[in-house]
Amino acid sequence: MDSDDALTARLAHDLDGAFETLVRTHQDRLYTIAHRFLGDVHEAEDATQDALVRAYRALAGYPVEQVRALRLRPWLATIVLNLCRNRATRRRGRAPLSIDLEQPDGSTRPEPAADAAATPAAVLERREARRRWAGLVRQLPPVYRAPVVLRHVDGLTYPEVALALDRPEGTVKAQVHRGLALLRTAYEAAERLEREEMTA
Amino acid sequence: MTHNAPDVRAIETALADLGLAAPATLAPDVLVEIGLADRFATIDSPIGPLYVAWNGRGVSTVEQAGDDAAFEARHRARTGRAAFAAGGLPPELAVRIDRRLSGDRRARVPVDLRGRSSFEQDVLRKAAEIPRGEVRPYGWIAAEIGRPKAVRAVGTALGHNPVPLIVPCHRVVRTDGTLGQYSLGGARNKRAILAWEGLDPDAFERLARSGVHYTGSRTTHVVCHPTCRHARRTSDAHRVSFRSLGAAVEAGYRPCTVCRPSSGVAVAA
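Residues numbered from 1 in each chain as written. Chains lettered and ligands numbered in written order. Predicted model: local features only at pLDDT ≥ 70, side-chain atom pairs only at ≥ 80, totals over all residues.

A. Up close: the domain arrangement of chain B. All names here are of chain B. Looking at chain B, the domain boundaries give domain 1 (32-101), domain 2 (114-205) and domain 3 (211-269). Its C-alpha centre places domain 1 at a distance of 21 Å from the equivalent point of domain 2. Opposite the twelve residues of domain 1 that make contact, domain 2 presents twelve residues. (Domains from an automatic or database assignment. Contact = placed C-beta atoms within 7 Å.)

Right under this line is the structure:
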């Protein structure tokens, strides 16, 4: 029984008593999915909050057996992604969002413990890499962005990604591969541009 | 010159490093929205500052407390939930409470009555119908909710009102016309709030002591509770007093359909 199974059992038994654990356990990954999909701190926070509120209300209405059988990780990912898509649709045609830089202000994950020993240069390099890759992910067409984020940023298995996106497993595998290829091309293009600018 | 294009493995590693931590405000916001935690702030009232707690379901607590810590402890003891200090009420809620306390019954203030029995909720909902500046006896509430014998239980339910002032339990008085007890700091506060709402508590009690529990109008032949707005509109020249509703009915008066004095009283047919 993994921790999510234990949690669904608790949720089925005592939703109000167990829901805070769900929030604490899943808020970072849901926020990460939303942020990497939408690229905006405030939109991501709103979408994540909305997703958790909807999850609570859905669980309150489900029969006990259905709660017990839930695959929490993909189920929550579905909810937050649907909200992200709605937000992306709504904001289309509005002014572009402010560019959201990776800032060490608590909006990004604290550096892992290993980094305590890292040199300032290494810390900067890592931050720069995160900024660059986050930007590239944001440029992916949504049809590839969602499976790439779920598989490689969130770390869902392919069956879980398929469940979360309600697409066949073969389809999401192909979309992830295609997404990675697009990322690689985009990375190379950005590098080339940078080199040209430096030599110009 | 060929440049080092990242291989798939390197891209996967880079993507795996894109995790973020949710803002610290997110979990409290979610828990408050669904009613598993509350926020609180103080408001001014005719009896001094009051603590008000609320969540996504509505206002959950109105209480006097010495300080934040005392309030949080009591709130947690009663509801089992955490309460986070907020700078003030959400503006929309503040406006609704203001309007409600100044007598605008169209202003809806959502209240969170979880943990109250359905009887207690019926009592509180009925008390909320009593207009500002008016009072009704405990027996009236009991009769109106279809439990005419549960007068004492009505008193207990009102004594446990978690949101006094917003649900105006101070507008419910003893059947003998004395004001009775009050959960929010005692009888003195009940008097102060009723006076602030435009009722003259001393005059009301004097009237009750003199045996007047109902007032009628000679022109309309309608009999009311003494504080009903229809009774108060009646001029002194046309006002007639009754000790009991039975006496009024015998004299040819019919009970007011607004304050419904027949509720809670055995009317001699």
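B. Examining the sheet that holds strand S2 (residues 50-55) of chain B more closely. Residue and element names in this part refer to chain B. Pairing is mixed in the open sheet, where four strands are placed in the order S3-S2-S1-S4. Of all strands in the sheet, those bounded by a partner on one side alone are strand S3 (58-63) and strand S4 (83-85). Sheet twist, expressed as the average angle between the axes of neighbouring strands with direction ignored, equals 35°. (Pairing = 2+ DSSP bridges. Helix = DSSP H or I, 4+ residues; strand = E, 2+ residues; numbered from the N terminus. Axes fitted to C-alpha atoms, helices over the stretch in contact; angles between N-to-C directions.)

C. Quick look at the environment of Ala162 of chain A. As for its position among the elements, Ala162 of chain A is in helix H8 (residues 158-165). Apart from the residues within four sequence positions on either side, Ala162 of chain A is in contact with Arg167, Pro168, Glu169 and Val172 of chain A.

D. Broad picture of the sheet that holds strand S8 (residues 222-224) of chain B. All names here are of chain B. Taken in spatial order, the four strands line up as S9-S7-S8-S10 in an open sheet, and their pairing is mixed. Edge positions in the sheet fall to strand S9 (239-242) and strand S10 (254-255), since each of these pairs with one other strand and no more. Note: S8 against S10, two bridges, orientation parallel. Bridge pairing links Val223 to Pro255 in S10.

E. Representation of the nonpolar core within the structure. If you look at the biggest cluster of nonpolar residues, it comprises 62 residues, and the most contacted ones within it are Ile33, Ala34, Ala51 and Val80 of chain A. The greatest single-element share of this core, amounting to nine residues, is contributed by helix H2 (residues 15-38) of chain A. Beyond its immediate sequence surroundings of up to four residues, Val80 of chain A is in contact with Leu30, Ile33, Ala34, Ala47, Thr48 and Ala51 of chain A. Among the nonpolar cores identified, the runner-up in size contains 42 residues, and Trp54, Trp140, Ile141 and Phe204 of chain B belong to it. (Core = buried A, V, L, I, M, F, W, Y, C linked by C-beta atoms within 7 Å. Buried ≥ 20, exposed ≤ 12 C-beta atoms within 10 Å, placed from the backbone.)

F. Here's a closer look at the environment of Gly115 of chain B. Residue and element names in this part refer to chain B. Within the fold, Gly115 resides in the loop between helix H4 (91-101) and helix H5 (118-127). Note on Gly115: 13 C-beta atoms within 10 Å, which makes it partly exposed. When the C-alpha atoms of Gly115 and Ala85 are compared, they prove to be 22 Å apart, with 30 residues separating the residues in sequence.

G. How the structure looks around H4 of chain B. All names here are of chain B. Considered for burial, the residues of H4 that qualify are Ile97, Arg100 and Leu101. All buried residues of H4 fall inside an arc of 90° around its axis, so they share one side. Pointing more than 90 degrees away from the buried face of H4 are the exposed residues Pro91, Glu92 and Val95. Buried residues along H4 sit in contact with strand S1 (38-43). With its phi angle positive at about 100°, Gly103 sits one or two positions after the end of H4. (Arc of directions from axis to C-beta.)

H. Fine view of the interface of chain B and chain A. Each partner contributes to the interface: chain B provides 25 residues, whereas chain A provides 35 residues. Among the elements of the structure, helix H1 (8-16) and helix H2 (26-33) of chain B are those that each provide at least two residues to the side of chain B that touches chain A. The residue inventory of the side of chain B that touches chain A, partitioned by class, reads 19 nonpolar, two polar and four charged. (Nonpolar A, V, L, I, M, F, W, Y, C, P; charged D, E, K, R; others polar.)

I. The arrangement of the pairing of S2 of chain B in detail. All names here are of chain B. Of all the six residues making up S2, six are buried; the element is thus mostly covered by neighbouring parts of the structure. Of the two faces of S2, the one carrying Leu50, Val52 and Trp54 and the one carrying Tyr51, Ala53 and Asn55 are both buried. Both S1 and S2 contribute to a ladder of five bridges, which runs antiparallel. The partner of Arg39 across the bridge, within S2, is Trp54.

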